[in-house]
Amino acid sequence: LIYRASRVRGCDSSIAERVATQGAFCEVHHGGGIAAWMFLVDDAPQGLLESARSSYRIDIAVATACAEGTGTADWEPPIPFALVAESICSYGQRGLRWSGCPAEPSGTDPVASIKISLEDASDGQADRFGARSQAVLAQGLVVDGALWSRLESEAAGFLMSEATLDAALDNGQHRTAL
């Protein structure tokens, strides 16, 4: 749903995919992924798109850290943690560590700066994230009902439903290619 709702709000396919991946990961592992998305669309007309585009700065910080030992990504205005949550976990599994956010962040926590550094020691986060993912796959995830309903409403504007398309065909409102 986050993907479709992001497309409705002006994100192209690749940015919507990133927002959906980051937001879903955050919702599962930190909470607040859907709430962060809502904040961005309520904040400003282009808030989601601008923040999503700026979230790629973390990738530049990672490239710098790999080359120089440390790298920093800065955001002004700050972006919600939800837009970088999965990236941080993924990079952490490859030996990179981050600082600049609370130890136990929520998706709605604002992030103004993240420092990425090379570090050999594992912090055990990968095991925790893997176990949480398995639990959610097995048992499901409880999310805020009002936020979910709103997300469904936002996503409903993406393309057309099959029922709408079928109704057009049933009423003879289609064209055939010659």
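Residues numbered from 1 in each chain as written. Predicted model: local features only at pLDDT ≥ 70, side-chain atom pairs only at ≥ 80, totals over all residues. Heavy atoms only, no water.

Visitor: Looking at this model, I keep getting lost on the packing of aromatic side chains. Mind explaining?
Guide: Think of a pair of aromatic rings as described by two things: how far the centres are apart, and how the planes are tilted against each other in angle. If you walk through the whole model with that rule in mind, you get two aromatic pairs. Geometrically, the ring pair formed by Tyr3 and Phe158 is edge-to-face, given 6.1 Å between the ring centres and 80 degrees between the ring planes. Remark: Phe158 occurs in the loop between helix H8 (145–155) and helix H9 (162–170) and Tyr3 occurs in helix H1 (residues 2–8); sequence separation between them is 155 residues. Residue classification places Tyr3 among the partly exposed positions, given a relative accessible area of 22%. Summarising the aromatic geometry, the rings of Phe81 and Trp98 are spaced 6.1 Å apart at their centres and angled 40 degrees between planes, so their arrangement reads as tilted. Pair noted here: Phe81 is in the loop between strand E1 (70–80) and helix H6 (85–92) and Trp98 is in strand E2 (residues 96–99), with a separation of 17 residues, a long-range link. What makes Phe81 buried here is its relative accessible area of 1%. The exposure class assigned to Trp98 is partly exposed, which follows from its relative accessible area of 28%. Just above the ring of Tyr56 sits the side chain of Arg18; from NZ or CZ to the centre is 4.0 Å. (Phe/Tyr/Trp six-rings, centres within 6.5 Å; stacked < 30°, edge-to-face > 60°. Helix = DSSP H or I, 4+ residues; strand = E, 2+ residues; numbered from the N terminus. Buried < 20%, exposed > 50% of the residue type's maximum accessible area, 1.4 Å probe, protein only. Lys NZ or Arg CZ within 6 Å of the ring centre and 35° of its normal.)

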